[in-house]
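If you want the building blocks of each chain, they are given just below.
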Amino acid sequence: MARLAALTGNNAAAEAIRQIKPDVFAAYPITPQTELAEEVAQFVADGILDTEYIPVESEHSSMSVCIGASLAGARAMTATASCGLAYMWELLPTTASLRSPVVMVVVNRAFNAPLNIHCSHDDSMGARDSGWVQLYSENAQEMYDNLIQAVKIAEDETIRLPVMVCMDGFIISHAVERLLLLEDEKVKNFLGEFKPVHSLLEVNNPVTIGACALPDYYTEHKKQHSEALRRSLDKIMEVANEYAKISGRSYSLFESYQLADAEYGIVIVNSAAGVTRTVVDKLRKEGVKAGLLKIRVYRPFPAAQIVQALKNLKVVAVLERTDSFGGVGSPVFTDISAAFMEAQTKEKPLMVNYIYGLGGRDVGLKDIGKVYANLQVINQKGKIEKSFAYLQARE
Amino acid sequence: MRKLQGWKDIPIGTAIIEAGSSVKYLTGEWRNARPEHNKDKCTNCLLCWIYCPDGAIIVEDSQVTGINYDYCKGCGICAAECPPKVKAITMVKNQN
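Predicted, not measured: the structure shown is a model, and the values here were computed from it. (Residues numbered from 1 in each chain as written. Chains lettered and ligands numbered in written order. Predicted model: local features only at pLDDT ≥ 70, side-chain atom pairs only at ≥ 80, totals over all residues. Heavy atoms only, no water.)

A. Quick peek at the side chain of T345 of chain A. The residue T345 of chain A is located in the loop between α12 (331-343) and β14 (350-355) in this model. At 2.9 Å, the side chain of T345 of chain A forms a polar contact with the backbone oxygen of E347 of chain A. (Helix = DSSP H or I, 4+ residues; strand = E, 2+ residues; numbered from the N terminus. Polar contact = N/O pair within 3.5 Å; in protein donor to acceptor, adjacent residues only side chain to side chain.)

This is the structure:
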């Protein structure tokens, strides 16, 4: 029987890690991930979890350890946030192009300066081009479910890519929620054993991994990585369908909420989808055709599917908890814009980009209500006057 | 010219799955000047053999018999190290 539990997002991730049973867990504590790293350490110390826990001296080391362990044939995991992710940056594309199926929890936290320990998506959104699969989680249940699925996606022998599973710092990582946990045995059977393609420890079958490739071969390695990441979109859905069978919970590339006949849509990532859903329900009662698209898989970007889901809307706002300073818009906004350019659909919505919730600023019903009101004004005027704005910045 | 493999044919994750495969990598392609060895002038002091960073000086029975152009990168160290009174190795620039 599934177990009903009251856990924080960090607890939920730690519980998933206990059930996933990585051979190696190498992490350095950083707010707001600290509780997660502590809890996994506690499991190991208590003898509940048979994992080699390596308390590294930095995040650069934690990812280095994970790469080495993974290439040796171990299931390797880690967790970090904010500057911790920034500090392991050098290793992110390395992990991915070495095709090491490392799975990492990223507890989204703002980048300095000014120093801030609360939620922005600066860290993982900044790492979007590192060649990892990225999954985003609205709440503790989704973190738990995504993390288990992430291991299966990463270790699939046709994919072999690292996966980053993200949740909002404090808002989700530290808030207690009700969620359903699977039985240990079910998770074990779902994941099976990790079988490396090549192991550095196979002395009778020696291999070199991570050697130099000059201009004559570098392109082919990158093309191979790029194709694997694109291909993983189908695998992510396949794993989601398999997971639905054991958990009863269905996941897709993104969640469409009241989107089929919607005129006004918000695209959002992670926890703020909750408040947006509530506003959609309220507006629907008032006769406003509001809808929501919540990103779950951001890399690989499900461009064609998102275009299909949004093309018949009148006006869409892409809300993001990070800015791409000096860019055309924030990451998801520019991706969706490019997706429409690529798809060349006749129908496409007017689209605006609002930055919200930086450094943990609360986003409430009023804020989201204001966005849907703006979208209706834009529709009435038939044009966009200001396509990019900081939603909550005081003048 | 060696045949270059396509992205579908190379092992995943940058792996080199065959031990000692670097012998197949003919670095002589990099050369823009070739050393030419004059057997008549050579005193077989073997300084070129000692200094060659690529092991490209062919020696048989203590005699320099030629240069392995598969691996010689054309660095010119052999020509520079050959004693000035001997000058048995001269560098010849590639035509194109």
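B. Structural view of the interface of chain A and chain B. Contact residues are listed per partner, giving 20 residues for chain A and 17 residues for chain B. Carbon and sulfur atoms make up 63% of the surface buried where chain A meets chain B, a total of about 1700 Å² over both sides. Where chain A packs against chain B, one counts 0 salt bridges. Our count for the contact surface shared by chain A and chain B stands at 6 residue pairs in polar contact (both at pLDDT 80 or more). (Contact = heavy atoms within 4.5 Å. Buried area = accessible area lost by both parts, 1.4 Å probe. Salt bridge = Lys/Arg side-chain N within 4 Å of Asp/Glu carboxyl O.)

C. Layout of a nonpolar patch on the surface. All names here are of chain B. The grouping of W49, I50, Y51 and I77 at the surface amounts to a nonpolar patch, some 410 Å² of accessible area in total. With 3 residues, helix α1 (residues 47-51) is the single largest residue contributor to the nonpolar patch. In this fold, Y51 is placed in helix α1. Relative accessible area serves as the criterion here: at 41%, Y51 is assigned to the partly exposed category. (Patch = residues over 30% accessible without salt bridge, like charges linked within 9 Å, V, L, I, M, F, W, Y side chains within 5 Å. Areas by Shrake-Rupley, 256 points an atom, 1.4 Å probe, with all protein chains shown as cover. Buried < 20%, exposed > 50% of the residue type's maximum accessible area, 1.4 Å probe, protein only.)

D. Region of interest: the packing of aromatic side chains. All chains considered together, the criterion is met by 6 aromatic pairs over all chains. Between F190 of chain A and Y243 of chain A the ring centres are 5.5 Å apart and the planes differ by 65°, which places this aromatic pair in the edge-to-face class. Here F190 of chain A, found in helix α8 (residues 184-191), pairs with Y243 of chain A, found in helix α9 (residues 218-247); they are 53 residues apart in sequence, far enough to count as distant. Y243 of chain A gets classed as buried once you look at its relative accessible area, which sits at 0%. When the ring of Y25 of chain B is compared with that of W30 of chain B, the centres are 6.3 Å apart and the planes differ by 80°; the resulting orientation is edge-to-face. The exposure class of Y25 of chain B is partly exposed, given its relative accessible area of 26%. Put simply, the rings of Y136, Y298 and F301 of chain A pair up and form one aromatic cluster. Stacked on the ring of Y257 of chain A, the Lys or Arg R277 of chain A has its end atom at 5.6 Å from the ring centre. Between the NZ or CZ atom of R34 of chain B and the centre of the ring of Y69 of chain B, over which it lies, the distance is 4.1 Å. (Phe/Tyr/Trp six-rings, centres within 6.5 Å; stacked < 30°, edge-to-face > 60°. Lys NZ or Arg CZ within 6 Å of the ring centre and 35° of its normal.)

E. A look at helix α13 (residues 365-381) of chain A. End to end, α13 of chain A covers 24 Å across 17 residues, agreeing with the expected 24 Å (1.5 Å per residue, within 8%). Buried residues belonging to α13 of chain A abut β10 (264-269), α10 (273-285), β11 (290-295), β13 (315-320) and β14 of chain A. (Expected span 1.5 Å × (residues − 1).)

F. Broad picture of helix α11 (residues 303-310) of chain A. All names here are of chain A. When we look at burial in α11, the residues that qualify are A303, I306, V307 and L310. Buried residues of α11 fall within an arc of 105° about the axis and therefore sit on the same side. The exposed set on the far side of α11, more than 90 degrees from its buried face, consists of A304 and Q308. Those residues of α11 that are buried are in contact with β9 (254-257), β10, β11, β13 and α12. (Arc of directions from axis to C-beta.)

G. Representation of the side chain of S330 of chain A. Residues and elements named next belong to chain A. Position of S330 among the secondary structure elements: in the loop between β13 and α12. Here S330 falls in the buried class, since its relative accessible area comes to 0%. Of note is the side chain of S330, whose polar atom sits 2.4 Å from the side chain of E320. Excluding residues that lie within four positions of it along the chain, S330 makes contacts with E320, T322, S324, N353 and I355.

H. Representation of unusual backbone geometry in the model. Note that the residue after A113 of chain A, namely P114 of chain A, is joined by a cis bond; omega there is -5°. Mapped onto the elements, P114 of chain A comes out in the loop between β5 (103-108) and α6 (122-126). A cis amide bond links R299 of chain A to the next residue, P300 of chain A, at an omega of 0°. At N270 of chain A, a position not held by glycine, the phi torsion is positive, near 70°. Structurally, N270 of chain A is set in the loop between β10 and α10. Its identity as a non-glycine residue notwithstanding, S62 of chain B has a phi of 65°, on the positive side. Considering the arrangement of structural elements, one finds S62 of chain B in the loop between β2 (57-60) and β3 (63-67).

I. Region of interest: the pairing of β13 of chain A. All names here are of chain A. Along β13, 6 of the 6 residues are buried, which leaves the element largely enclosed by surrounding structure. Side chains V315, A317 and L319 of β13 all project onto a buried face; the interleaved residues V316, V318 and E320 project onto the opposite face, where all are buried too. Relative to β13, β10 runs parallel, the two sharing 4 bridges. Paired with G265 across the bridge in β13 is V316. Of the crossover connections in this fold, the one passing from β13 over α12 to the parallel β14 is right-handed. (Pairing = 2+ DSSP bridges. Right-handed = clockwise from strand over helix to strand, strands pointing away.)

J. Layout of the sheet that holds strand β12 (residues 297-299) of chain A. Residue and element names in this part refer to chain A. Spatially, 7 strands are ordered β3-β2-β4-β5-β7-β6-β12 in an open sheet, and the strand pairing comes out mixed. Edge strands, defined here as strands with exactly one partner in the open sheet, are β3 (52-54) and β12. Averaged over all adjacent pairs, the angle separating strand axes in this sheet is 20°, with direction ignored. Along the sheet face, helix α2 (residues 34-45) touches β2 (24-26), β3, β4 (76-80) and β5 and points at about 140° away from the line of β3. Against the sheet, helix α7 (residues 140-155) makes contact with β4, β5, β6 (133-137) and β7 (163-168), and its axis sits at roughly 170° relative to β7, the strand it touches most. (Axes fitted to C-alpha atoms, helices over the stretch in contact; angles between N-to-C directions.)

K. Looking closely at the packing of α7 of chain A against α9 of chain A. Residues and elements named next belong to chain A. Contact geometry of α7 with α9 gives a least axis separation of 10 Å together with a crossing angle of 125°. Taken together, the axes of α7 and α9 are oblique relative to one another. Of the two possible hands of crossing, α7 and α9 adopt the one that is right-handed. For the pair α7 and α9, contact is made by Y144, D145, I148, Q149, K152 and I153 and by I236, V239, A240, E242 and Y243, respectively. A class-by-class count of the residues in the contact of α7 with α9 yields 7 nonpolar, 1 polar and 3 charged. (Parallel < 35°, antiparallel > 145°, perpendicular 65-115°, else oblique. Left-handed = near helix turned anticlockwise from the far one by under 90°. Nonpolar A, V, L, I, M, F, W, Y, C, P; charged D, E, K, R; others polar.)

L. Highlighting the sheet that holds β11 of chain A. Residue and element names in this part refer to chain A. Taken together, 6 strands build an open sheet; the order of strands is β9-β11-β10-β13-β14-β15 and the sheet is mixed. Every other strand in the sheet has two partners, leaving β9 and β15 (388-390) as the edge strands with one partner each. Within this sheet the neighbouring strands show an average axis-to-axis angle of 20°, counted without direction. Bridging between β14 and β15 involves 3 bridges; their strand directions are parallel. Note that in β15 the partner of I355 across the bridge is Y390. On top of the sheet, α10 reaches β9, β10 and β11; it is set at about 165° to β11, its chief contact.

Any link to function would need more than the numbers given here.
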